[in-house]
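# Fold and geometry: a report
These are the residues of each chain, in order.
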Amino acid sequence: MDLVIKNGTVVTATESYRADIGVDGGTIALIGRDLSGAEVIDAAGMLVMPGGVDPHTHMELPFMGSISADDFRTGTIAAACGGTTTIIDFAIQGAGQTLRQALDIWLKKAEGKACIDYGMHVAIGAMDDERMAEMGDMVEFGVPSFKVFMAYKGSFMVDDETLFRSLIRAKEIGGLIAVHAENGDILHYLINKHVAEGKKEPIWHARSHPAEAEAEATHRAVVMAGMTGAPLYVVHMTAGDALEALKAGRAKGFKVFGETCPQYLMFSVEKYAEPGFEGAKYVMSPPLREKGDSEALWRGLAGGDLQAVGTDHCPFNFVGQKDMGKDDFSKIPNGMPSVETRLPLLYHFGVGQGRFSVNRFVELVATGPARLFGLLPRKGTISVGADADLVLWDPKREHRLTKENLHMNVDYSPYEDVTVRGYPALTLQRGKVIVRNNQFVGDVGAGQFLKRSPIHL
Ligand code: URP
Ligand code: ZN
Ligand code: ZN
């Protein structure tokens, strides 16, 4: 074997056990005791886990008059440093574009730059008969998941018929529809009303995006999933009431799944009231909610009502981007840096604080997303035949999540004061070490496009 990782504790979504892992040709060839190989890495004291799978990133996204600050190079280096070895980004169908044209634009952004493996979803802007047919071509090409925005009226938002048609088609072809569930008409009305009344500070972003509008849209999407029999994945869930809508759908046997993101677990709406314009750092959609909502999300993760943690990584610099909205919250580009800190935060605050087991952690950040999005068993787990995408996780390593200690290409860290215990010591992609001690040592552009399988959940 090319490589053996010895003496570690292998952690999967279902088990933890002492074993060596043998890697040959970039895949896991053997799991057992006393293995030998050309190169040996000693993992004594380490947890050996599958690399994280982040199903929700936005690298180099043109959005709200700006472009998200990480491209596929900087964003994937940051991801790897935080223990993530696969991302799935979103190609967005622009006006007059075919799905294939949108996909090609995003594939070009990633090619030669991505430092970890990546898949793509396609976000649907229009759903005429031709596009319905084209969804099948996307699945055949290895892009079986589609995003539908129920919010951002005037840009990404589509109507209910488009969502409904997308679900019908997805069911036929082995596709999965991911939704941004907020009632875009209500948000549009409230944003305009508040701006017209001179209520323009960052807190009014939250007041223009009420939790009821998320719960209503989640319920609507869940009902449509039930009517069509199609699977549905609700991205970046933030509110306890929205989670109840998802749970109600699952109780009826609908194939509906939910994701939340670390920022909604870590922060609450008070952040928008920070002095000066600091609140802009946390302006994203949906917005931060009440502390009770975060608690409901933690319970959802632990108890199984939520199935995945993504990041919705969409960073904008405080100076030069967020400050476009210093006199008007509606002009603050929506989004936050998150791709690097997902695993450390979930491990520290989830496993470290006793909210769930290390196996549930692996399920939420790797195996669950891989299963939902057609990547299992190649990604997201440790088994013979899987890609040797591995993180040697040092459970004792302390790391302060200050900007200087992170790699995301943005001028602030939302977690300046947070020190986590548990951090990657090494990250490997297909058997090659790409991060050692918080330094990227891989090759720029070595990330491969992942053609994913049709999704039948
Ligand atoms: O505020 C956010 N979430 N920005 C990224 C776009 C989206 O809604 O996912
Ligand atoms: Zn969204
Ligand atoms: Zn997003």
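In this report, the structure presented in the accompanying data block is examined. Computed from a predicted structure; not experimentally measured.

## Digging into the site of ligand 1
As a matter of local geometry, ligand 1 sits amid 14 residues, with Tyr152, His180, Ser285, Asp312 and Asn334 nearest to it. Asp312 has a polar side-chain atom sitting 2.6 Å from a nitrogen atom of ligand 1. Here Asn334 contributes a backbone N or O atom positioned 3.0 Å from a nitrogen atom of ligand 1. In isolation ligand 1 offers 270 Å² of accessible surface; the protein chains occlude 100% of this area. Its residues assigned to classes, the shell around ligand 1 shows five nonpolar, seven polar and two charged.

## A look at the coordination of the zinc ion (ligand 2)
Here the zinc ion (ligand 2) is held by the protein donor atoms His180 (ND1) and His236 (NE2), which lie 2.1 Å from it. Around the zinc ion (ligand 2) sit four donor atoms, and with donor-metal-donor angles ranging over 57 to 151° the site reads as irregular. If you look at the zinc ion (ligand 2) and the zinc ion (ligand 3), they sit 3.8 Å from each other. Note that His180 is positioned in strand β12 (residues 176-180) and His236 in the loop between β13 (232-234) and α8 (240-251), a separation of 56 residues in sequence. The pair formed by His180 and His236 is uniform in burial state, with each residue classed as buried.

## Focus: the packing of helix α2 (residues 99-110) against helix α3 (residues 129-141)
The N-to-C vectors of α2 and α3 enclose an angle of 40°; their axes lie 9 Å apart at closest approach. Relative to α3, the element α2 lies oblique. Residues Leu99, Arg100, Leu103 and Leu107 of α2 lie in contact with α3, whose contacting residues are Arg131, Glu134, Met135, Met138 and Phe141. Split by residue class, the contact of α2 with α3 holds six nonpolar, no polar and three charged.

## Let's talk about the nonpolar core
Counting 120 residues, the largest nonpolar core has Ile177, Val179, Leu232 and Phe361 as the members making the most contacts within it. Those residues in contact with Ile177 that sit more than four places away from it in its chain are Met135, Phe146, Val148, Leu163, Ser166, Leu167, Ala170, Pro231, Leu232 and Tyr233. The next biggest cluster of nonpolar side chains, apart from the first, holds 20 residues, and it includes Ile5, Ile28, Leu392 and Val433.

## Brief notes about the packing of helix α11 (residues 342-352) against helix α12 (residues 358-372)
The interhelical angle for the contact between α11 and α12, taken along N-to-C directions, is 150°, at an axis separation of 10 Å. By the angle between their axes, α11 is roughly antiparallel relative to α12. Handedness of the α11/α12 crossing: right-handed. Contacts between α11 and α12 involve Arg342, Leu343, Leu346, Tyr347 and Val351 from the former and Val358, Phe361 and Val365 from the latter. Tallied by class, residues from the contact of α11 with α12 come to seven nonpolar, no polar and one charged.

## A word on the coordination of the zinc ion (ligand 3)
Within the first shell, the zinc ion (ligand 3) binds the protein through His56 (NE2), His58 (NE2) and Asp312 (OD), at distances of 2.0 to 2.1 Å. Viewed at the metal, the four donor atoms of the zinc ion (ligand 3) are separated by angles of 88 to 140°, and the geometry they form is irregular. Donor residues for the zinc ion (ligand 3) sit on one chain with the sequence pattern H-x1-H-x253-D.

## Re the sheet that holds strand β14 (residues 256-260)
The eight strands are arranged β6-β9-β10-β11-β12-β13-β14-β15 in an open sheet whose pairing can be described as parallel. A single partner strand is all that each edge strand has here, and the edge strands are β6 (52-57) and β15 (308-309). Two strands pair when backbone bridges link them, and strand β10 (residues 117-123) and strand β11 (residues 145-149) are joined in this way by two bridges, in the parallel orientation. Paired with Val122 across the bridge in β11 is Phe146. Against the sheet, helix α7 (residues 211-228) engages β12, β13 and β14, with an angle of about 165° to β13.

The rules we used
Residues numbered from 1 in each chain as written. Chains lettered and ligands numbered in written order. Predicted model: local features only at pLDDT ≥ 70, side-chain atom pairs only at ≥ 80, totals over all residues. Heavy atoms only, no water. Near = heavy atom within 4 Å. Polar contact = N/O pair within 3.5 Å; in protein donor to acceptor, adjacent residues only side chain to side chain. Areas by Shrake-Rupley, 256 points an atom, 1.4 Å probe, with all protein chains shown as cover. Nonpolar A, V, L, I, M, F, W, Y, C, P; charged D, E, K, R; others polar. Donors = N, O, S within 2.8 Å, 3.2 Å for Na, K, Ca; no water. Tetrahedral: all angles 85-135°; square planar, octahedral: opposite > 155°, others 65-115°. Helix = DSSP H or I, 4+ residues; strand = E, 2+ residues; numbered from the N terminus. Buried < 20%, exposed > 50% of the residue type's maximum accessible area, 1.4 Å probe, protein only. Axes fitted to C-alpha atoms, helices over the stretch in contact; angles between N-to-C directions. Parallel < 35°, antiparallel > 145°, perpendicular 65-115°, else oblique. Contact = heavy atoms within 4.5 Å. Core = buried A, V, L, I, M, F, W, Y, C linked by side-chain atoms within 4.5 Å. Left-handed = near helix turned anticlockwise from the far one by under 90°. Pairing = 2+ DSSP bridges.

Just geometry here; none of it tells us what the structure is for.
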